[in-house]
Structure formats: C-alpha cells, structure tokens
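Analysis of the macromolecular model
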Amino acid sequence: MFSAGSKAEGESSMVLEPPKFLKDLGSQLPSIPLPSALKDSLKDLVPHKGAEDGDVKHTDRLTLAWAISDGINNKRWEQRWSELKRPDKPKVLLLMSETGGGHKASAQSIGEALEAIAPGKLIISIVDVFVDHTSFPFNRFPKMYQWFSSKPTVWDAVYKTSKLTSDSILGWEEPLALAWDADFQKCIEQENPDIIVSVHPLCQDPVARVVRRIAKWKAGRKVPFVTCITDLGEGHPFWFHVEVDMCFVPGEAVRKDGLKVGLREDQLNMKGLPIRKGFWDVDSSPENVSRLRASLGLVECRTV
C-alpha cells in the first residue's frame, strides 16, 4: 500500500524565516509599554518558530466568529446528526481534490488496499469535497490549480506566503475553515463515516473542527481522523493538525516538519507514499530486471 521513502528525504527541509520587521517586532514587544491584551494580540502577528519537542499548538484566533457560527448552527446541526442512520457496513471516507500532487491517485490506492484487506466488508467513499460540497470559487479548485501551476512565480508566492503566515493571525487556514465549516459539516453528515482519511492539505483544519463538534453532541460519537500526506520532500503546515489521530508521512523530512508544528511522535507514522494496485506484486529480482531491460533494448548500466 505504501512505498519506501528515499534516503534523500531524510535531509532537513528549508525553514522560511519571517520578514525582518516581524522578527524585530517580536523581540521588542516585551519592552513596549502597551496594555497586556493588546501586546498579546500583537504577538500573534509573529509566526511560531516551532520546536522539536512538539510543544507548539494550533490556537483559535477568530474566537468571536466561531462563537457566532456555533450559536447559529450548532443546535440545528446536532438535530440533523441525531436523525442519521448508520450504514450497514463500516464506512471509510477518503477526502481529496484533483489539485495535483496525486491526491486522487492516493485516495484510490488506499481504497484499493482497504478492499484487498477486507474484501466486501467496507464501504469506501472517495469524495472531492471542494467540487462536490463547496460553492464558488472554491468548487473551481481543480481549474484554479491548473492556472496557478502554469504560473510558477505566482504559485511560489502563494506557497511561501501561506507557509510563512501559518498559525499566526495572518494565517489562511482558520478563515478558510470558517468559510467552509457548513460545507464540511454537510459532507460528513451525508457520508456518515466511521473513519475519515484526508489526502489533501486543505482538509485538516475544517475536518478537525467538525469531528470535534460531533464528539460533543449527545447523539454524537468519536469519528477517527487520519491524514495521509502525499508531498514527498516537504510538508506544508496546512498538512498538519494536532488533533488528528494519526498522520502518515512519506519520509523523514516530512516527519520532522510535523514535529516542528506540534504533532507528537506517536501521531506520526512513516510509511512512504500510497502506491497503485498494479505495483503491489512486481517481480524486481535481478533476473527479471535483466530480462525486461533486454526486451526493451536498454543498456545494462548503473542507475544514477
């Protein structure tokens, strides 16, 4: 189901430094004569550096907005949940979106592996949560990604900015989760899964909030939430959430990224990348490799 990580992945990934004005602000705050509440708010502007011991935690910053949203929606959502009927068989919900990086292929590979392990015993549902459940412009994510990926400079700016500001008051993940809260709630209600597996970096925060909410309801239950990271060389902070039950990482570099943003050692499981069913049983013996090379007219030489 998973491939082995390469040795190169063990190398440390580059850590983006905050702009100088933010670092200066962080160092000067203790000496600035400001009210404590305002000083604490200003500290949120400085992105967390992270630590190897995993003591960094995600913090809600839009507390008033979340309180208003819950006050309006929580009772209605709880009532709808209490009326749901459980599926006849355990259900696995795989959340993805076709935005490059092999998210759909990984979801399909995991689904094939689960079916092979427990044939006919599971309901496996693969859902493009943004296309199927969100509104414009988010339901256009696959097409938007195609445009961004054709503009390397723009994509680089979006990636680095979102990484640099993650888990700060300037971060994107919490406003996006708030915008998608009702959409993800609706998706999980309709699917009514026994476990949720995310193979997309934008699903962690919204899903974590929904399963946390469901667990508190009178008719609710604990829905296990698992992340499977499909980026090989580096883990963007959006991939990680401290409330996941398990986070599968492809290699050592991404595992270290998870520790830096607050995940515990026991939450991180290094298993490589999901691979398609056609590659599960491949004869990689030297004899077969030589035979295939000869049939393709390839010269026997050392791979670089």
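Okay, so let's go over this structure. This one's a predicted model, so the numbers in the text were calculated from it and none came from an experiment.

Here we come to unusual backbone geometry. Backbone phi values are negative for most residues with the exception of glycine, while trans is the configuration of most peptide bonds. Here the residue pair Phe136 and Pro137 is connected by a cis peptide bond, since its omega of 5° sits within 30 degrees of zero. By the secondary structure assignment, Pro137 is in the loop between α5 (129–133) and α6 (141–149). The residue Asp167 is not glycine, and still its phi comes out positive at about 60°. Residue placement: Asp167 occurs in the loop between α7 (152–164) and α8 (173–191). Take Asp167: its relative accessible area is 11%, and that puts it in the buried class. At Asn192, a residue that is not glycine, the phi angle is positive and equals roughly 50°. With respect to the helices and strands, the residue Asn192 is situated in the loop between α8 and β3 (195–198). A residue is classified by how much of its surface remains accessible, and Asn192, at 4% relative accessible area, is buried.

A probe as big as a water molecule, rolled over the atoms, marks out the empty space that is left. Considering only enclosed or pocket space, the largest pocket measures out at about 600 Å³ in volume. If you trace the largest pocket, you find 21 residues lining it, with Tyr145, Trp155, Val158, Pro201 and Leu202 closest to the centre. Contributions of two or more residues to the lining of the largest pocket are made by α6 and α7.

Counting across every chain of the model gives eleven aromatic pairs. Relative to Trp180, the ring of Phe130 lies with its centre 4.9 Å away and its plane at 65°, an arrangement referred to as edge-to-face. Of this pair, Phe130 sits in helix α5 while Trp180 is found in helix α8, placing the two residues 50 residues apart along the sequence. Across this residue pair, the class does not change: Phe130 and Trp180 are buried. Residues Trp180 and Phe184 carry aromatic rings whose centres are separated by 6.2 Å and whose planes lie at 35° to one another, so their mutual orientation is tilted. On the criterion of helical spacing, the pair formed by Trp180 and Phe184 is a turn pair, its members being four residues apart in helix α8. Given a relative accessible area of 1%, Trp180 falls into the buried group. Through successive ring pairs, a cluster of aromatic residues spans Phe130, Phe138, Phe141, Trp180 and Phe184.

For the structure on display, the rule yields one cavity of 30 Å³ or more. Its boundaries defined by the atoms lining it, the largest cavity holds a volume of some 110 Å³. Lining the largest cavity we find 14 residues, and of these Glu173, Pro201, Asp205, Pro206 and Phe238 sit closest to its centre. Every element with two or more residues in the lining of the largest cavity is listed here: α8 and α9 (204–216).

About the thresholds
Residues numbered from 1 in each chain as written. Predicted model: local features only at pLDDT ≥ 70, side-chain atom pairs only at ≥ 80, totals over all residues. Heavy atoms only, no water. Helix = DSSP H or I, 4+ residues; strand = E, 2+ residues; numbered from the N terminus. Buried < 20%, exposed > 50% of the residue type's maximum accessible area, 1.4 Å probe, protein only. 1 Å grid on protein atoms, 1.4 Å probe; cavity = no way out; pocket = protein on both sides within 12 Å on 5 of 7 lines; lining within 4 Å. Points joined across faces, edges and corners; volume = space filled by probe spheres on them. Phe/Tyr/Trp six-rings, centres within 6.5 Å; stacked < 30°, edge-to-face > 60°.

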